[in-house]
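# Examination of the molecular architecture
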Amino acid sequence: LDAYLSGLEIRHPASPAASATRKWDEWIGRERRRVIGVGATDDHWGRLYATTWVYIEGDLTREKLHAALTAGRIVVGENASAGSLTVTSDRPGADGRAAVGRVGDAIVADRRITISWAGQGKLFIDGRQLENTVGPVAFEIEPGSFHWIRLEIGIASYSNPVYVNLPEPAPLPPLAADPSARESRDTKDESERPKYG
């Protein structure tokens, strides 16, 4: 997504951003997991364009930045307006209030979610654009069904999804130590590699 959603490209008249976001939705639907979009910056005329906005609560630390990036709390574009997206679950949280998901969050819902955002935008649920572009929008779901919601505001701001009933990731198989790996390397080739500089 990085190359397609850079600040320059999303404002370009022949922008591939629409095809990139379609591919993004295809990956999420097929793999049923988080696929996090980030932006790149580009400099053609001596100006760097801001293209990745990361949401962090409190003071900025390396740990908070890393956690926010891996959670997908990111908006891509020349501004962060798509970060106004929220999804409210019909299932109450531990405190008895409805759970509210923001960009990058995963929430659990039973039969209904309510989607809100500021201003005019294109709302995508499971990769399909909703006709109604004025929020809030109530959306009925099947119990336990997986959904993802993204917001695009013009060609200036693209949100990462809010996930509803995100499946648990399958555990990775343990890495087996391969005692022959070191011996199988071609050390002769490595020792005769040309030197540069």
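For the structure, check the block above.
Computed from a predicted structure; not experimentally measured. (Residues numbered from 1 in each chain as written. Predicted model: local features only at pLDDT ≥ 70, side-chain atom pairs only at ≥ 80, totals over all residues. Heavy atoms only, no water.)

### Regarding the pattern of salt bridges
Filter applied, for reference: Within this document, salt bridges are pairs made up of a side-chain nitrogen of Lys or Arg and a carboxyl oxygen of Asp or Glu, the two lying within 4 Å of each other. What counts as a helix is a DSSP run of H or I of at least four residues, what counts as a strand is a run of E of at least two, and both are numbered from the N terminus.
Taken as a whole and assessed by the stated rule, the structure comprises 8 salt bridges. Across the salt bridge formed by Asp 110 and Arg 91, the nearest N and O atoms sit 2.7 Å from each other. Linking Asp 110 in the loop between strand S5 (106–107) and strand S6 (112–116) with Arg 91 in strand S3 (residues 86–92), this pair joins segments that are 19 residues apart in sequence. Among the salt bridges present, the one from Glu 140 reaches Arg 112, with a minimum N-O distance of 2.7 Å. Taken together, the residues Glu 140 in strand S9 (residues 137–140) and Arg 112 in strand S6 connect sequence positions 28 residues apart.

### With respect to the pairing of strand S10 (residues 147–153)
Heads up, the rule is: Three exposure classes are used, based on accessible area relative to the maximum for each residue type with a 1.4 Å probe and protein chains only: buried under 20%, partly exposed in between, and exposed over 50%. Two strands pair if DSSP finds at least two bridges between them.
The buried fraction of S10 amounts to 7 of the 7 residues, a majority that puts the element mostly inside the structure. Here S10 shows no split at all, with His 147, Ile 149, Leu 151 and Ile 153 on one side and Trp 148, Arg 150 and Glu 152 on the other all buried. Pairing of strand S7 (residues 122–125) with S10, which is carried by 4 bridges, proceeds in the antiparallel orientation. Within the sheet, the bridge partner assigned to Ile 125 lies in S10 and is Ile 149. Bridging between S10 and strand S12 (residues 162–164) involves 3 bridges; their strand directions are antiparallel.

### Regarding the side chain of Ser 89
The line we're drawing: For the purposes of these results, a polar contact is taken to be a pair of N or O atoms within 3.5 Å, where, inside protein, one atom must be able to donate a hydrogen and its partner to accept one; residues adjacent in sequence count only when each atom of the pair is a side-chain atom. Contacts were defined at the residue level, with two residues in contact if any of their heavy atoms lie within 4.5 Å.
With respect to the element layout, Ser 89 can be found in strand S3. For Ser 89, a relative accessible area of 5% corresponds to the buried category. Here Arg 91 takes part through its backbone nitrogen, which lies 2.9 Å from a polar atom of the side chain of Ser 89. Those residues in contact with Ser 89 that lie beyond four places of it in its chain are Ala 98, Ala 99, Ile 107, Val 108, Ala 109 and Arg 112.

### A few points about the packing of aromatic side chains
Note the cut-off: Centre distance within 6.5 Å is the pairing criterion for rings of Phe, Tyr and Trp, where only the six-membered ring of Trp is used; planes under 30 degrees apart are then read as stacked, over 60 as edge-to-face, and the remainder as tilted. Only Lys NZ and Arg CZ are tested; either one counts as a charge over a ring when it is within 6 Å of the ring centre and within 35 degrees of the ring normal.
Under the definition given, this model contains 2 aromatic pairs. A connected cluster of aromatic rings, assembled from ring pairs, spans Phe 146, Trp 148 and Tyr 163. One cation-aromatic arrangement involves Arg 150 over Phe 124; the distance from NZ or CZ to the ring centre is 4.8 Å.

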